[in-house]
Amino acid sequence: MAEIDNKGKLMPEELTKWVRSQYLHLEKDPMTGQERLFFDNSGGSMRLKSVSEIFQKVDDLPNCGGHGGVTSDYLDSLRVQACDDLSTMFNAKDGCIVTSMTASIIVFDVSEAIIESVPGTNVVTTALEHPSAYDGCAAAAKKFGKELRVAQTDPRTGSIPVENILKLIDKDTCLLSVIMTSNITGAILDIETIVREARKIKPDLYIVCDSVQHTPHGTIDMQEAPVDAVNFAPYKFGGIRGLGAGWITERVMNLPHRKLIEEKQSNWEMGGCAPAMYAGLSAIFNYVLEIGKYYLGEGASRRDLYLKGMEAIMLHERALLARMLYGSDEQPGLLSMKGVHVAVEMDNLAERDLIVPLTFDGKEPAQVSRMYEKKGVVVHERCDNSLYSARQVNSIGEHGIVRVSPLHCHTYAEIDKFLKITQEIVDEIAAGK
């Protein structure tokens with residue numbers, strides 16, 4: 001079992017075939033018609049056909065929710081269903097949904113509400129945070145005269161050791177903001193331990209978890225890891241840009257926040273998003289349920305189906321990660337190639353999502369990304385000339401990396417193709433090309 005946990009397990013061929021059929025533009029660039037590998041899913045993601053179809057259907061409706069009639073009632077039901085789906089995803093038992101144009105806005109606004117209203121003299125976050133979470137803490141801490149404390153990355157693993165966070169927390173900490181998975185290194189932080197041990201120091205500590213990068217690859221349980229807020233960007237999981245969604249607990253919900261004066265306290269949406277966005281969110285949830293049904297059948301609960309679907313996704317992606325790192329008898333993996341380096345150690349793949357940061361001897365990351373592009377592979381460089389990357393890549397001792405991020409819709413054959421192209425690039429760099 002330990003070997004399966006570390007090396008992963010591919011979905012059955014029949015299920016993989018169905019999964020691949022659910023995505024648009026999986027094998028060809030829609031602009032050029034050329035075959036390609038889209039391995040930049042940490043920046044966007046493959047689009048689910050079901051999301052596009054339901055979005056188009058709902059967005060074409062001229063009616064307005066809350067105005068009465070069958071169509072209006074249908075639009076209202078989409079929000080109700082999306083709330084139920086999101087609470088099931090995160091196993092949330094109280095509180096409310098939060099939506100905005102982006103998940104970045106949500107974590108920024110929630111962090112400011114906590115820092116402004118909750119007593120305390122300091123705020124704790126980490127060096128690996130996305131700028132929306134980090135700057136949300138930094139800007140609000142400065143605005144309200146509170147100290148910002150930053151837990152440092154272990155450059156070897158590209159993660160944040162639990163003790164690096166805990167040593168910064170005290171009785172005067174009003175907020176801990178911590179990322180679930182780094183969008184640079186792929187490291188999954190031990191949220192359950194962090195929450196449990198942090199609350200031993202301050203039992204009523206408010207904790208916000210940026211789960212944007214992790215949600216397409218795994219789960220977070222708000223009962224097992226009782227954080228006060230999580231966020232989710234559906235476009236990173238087959239969805240459509242223009243919606244960020246999150247869930248906040250009741251005590252965050254009841255903090256003063258931006259809303260209409262007479263609006264109920266549980267409304268953090270300022271009018272709500274387009275009904276088609278709610279429908280698209282539910283389509284993502286239902287896609288995972290279908291994967292779960294392959295293993296559990298129709299009779300299981302929605303939560304159990306979701307957990308089983310995400311487990312299958314997680315193990316499939318872990319198998320792809322192992323193949324990329326270790327290769328096969330026919331194709332050497334990244335760890336065996338000279339001239340290319342995995343920027344952080346990845347001994348325990350159970351502590352990783354499917355994101356691999358690479359550096360290359362003799363070439364800058366942006367140059368390597370263009371070389372991949374010419375060979376039909378979409379990856380992306382994350383460098384310290386970008387405000388979205390500087391702090392994170394510097395925290396692992398690098399100026400930049402090439403980020404490789406496939407999804408569970410990919411196969412061993414596609415990983416092997418990527419490895420072959422990587423070897424070609426390494427050879428071309430060595431030859432001075």
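First things first, this report covers the structure right here in the doc. (Residues numbered from 1 in each chain as written. Predicted model: local features only at pLDDT ≥ 70, side-chain atom pairs only at ≥ 80, totals over all residues. Heavy atoms only, no water.)

**Some points on the overall build of the protein chain**
- When its secondary structure is counted, the protein chain shows 14 helices and 13 strands.
- For 433 residues, the compact-globule estimate of 2.2 N^0.38 gives 22 Å, and the C-alpha radius of gyration of the protein chain, at 22 Å, lies within 12% of that figure.
- Each of the 433 residues in the protein chain was classed as buried or not, and the buried ones make up 57%.
- As displayed, the protein chain offers around 18,400 Å² of accessible surface, 51% of which is attributable to carbon and sulfur atoms.
- Each charge class in the protein chain was averaged separately, 46 positive and 60 negative side chains, and the resulting centres sit 2 Å apart. (Helix = DSSP H or I, 4+ residues; strand = E, 2+ residues; numbered from the N terminus. Rg over C-alpha atoms; globule rule 2.2 N^0.38 Å. Buried < 20%, exposed > 50% of the residue type's maximum accessible area, 1.4 Å probe, protein only. Areas by Shrake-Rupley, 256 points an atom, 1.4 Å probe, with all protein chains shown as cover. Lys, Arg positive; Asp, Glu negative; His and termini not counted. Charge placed at Lys NZ, Arg CZ, Asp CG, Glu CD.)

**Here's the deal with the pairing of strand β8 (residues 244-248)**
- Counting buried residues along β8, five of its five residues qualify, which places the element largely inside the surrounding structure.
- By the bridge criterion, five bridges tie strand β2 (residues 96-100) to β8 in an arrangement that is antiparallel. When the sheet's bridge partners are listed, S100 is paired in β8 with G244.
- Direction of pairing for strand β7 (residues 229-232) relative to β8: antiparallel, over a ladder of four bridges. Among the inter-strand pairings, F232 is bridged to a residue of β8, identified as A245. (Pairing = 2+ DSSP bridges.)

**Examining unusual backbone geometry**
- For H25, which is not glycine, the phi torsion reads 55° and is therefore positive.
- Topologically, H25 is positioned in the loop between α2 (13-21) and β1 (37-38).
- The class of H25 is partly exposed, set by a relative accessible area of 44%.

**Remarks on the nonpolar core**
- The biggest cluster of nonpolar side chains holds 73 residues, and the ones touching the most others in it are L86, I165, L176 and I191.
- With 12 residues, the single largest contributor to this core is helix α10 (residues 275-296).
- Those residues within four positions of I165 in sequence are excluded, and the remaining contacts are V124, T126, A151, I160, L176, V178, L189 and I194.
- Core analysis: the next-biggest nonpolar cluster, separate from the first, contains 37 residues, L325, V342, V356 and I425 among them. (Core = buried A, V, L, I, M, F, W, Y, C linked by side-chain atoms within 4.5 Å. Contact = heavy atoms within 4.5 Å.)

**Overview of the packing of aromatic side chains**
- The tally for this structure, following the rule as stated, stands at seven aromatic pairs.
- Here the aromatic rings of W18 and Y287 are separated by 5.8 Å at their centres, their planes lie at 15°, and the arrangement is stacked. Of this pair, W18 sits in helix α2 while Y287 sits in helix α10, and the two are 269 residues apart along the sequence.
- Judged by its relative accessible area of 3%, Y287 is buried. (Phe/Tyr/Trp six-rings, centres within 6.5 Å; stacked < 30°, edge-to-face > 60°.)

**Looking at the pattern of salt bridges**
- Scanning the model with the defined rule gives 24 salt bridges in all.
- Here D228 makes a salt bridge to R251, at a shortest N to O gap of 2.8 Å. Residue D228 is found in the loop between β6 (206-210) and β7, and its partner R251 is found in helix α9 (residues 250-253); the two are separated by 23 residues along the sequence.
- When its relative accessible area of 3% is taken as the criterion, D228 is described as buried.
- Look at R251 and you get partly exposed, because its relative accessible area is 29%.
- The salt bridge involving K375 is made with E424; its shortest N-O contact spans 3.3 Å. You can see K375 sitting in the loop between α12 (365-374) and β11 (377-378) and its partner E424 sitting in helix α14 (residues 412-430), a full 49 residues away along the chain.
- On the accessibility criterion, E424 (30% relative accessible area) is partly exposed.
- Overlapping salt bridges bring together R20, E27 and E414 as one network. (Salt bridge = Lys/Arg side-chain N within 4 Å of Asp/Glu carboxyl O.)

**A few points about helix α11 (residues 302-326)**
- The end-to-end C-alpha separation of α11 is 36 Å, in line with the 36 Å expected for 25 residues at 1.5 Å each.
- Among the residues trailing α11, G327 stands out with phi positive, at a value near 70°. (Expected span 1.5 Å × (residues − 1).)

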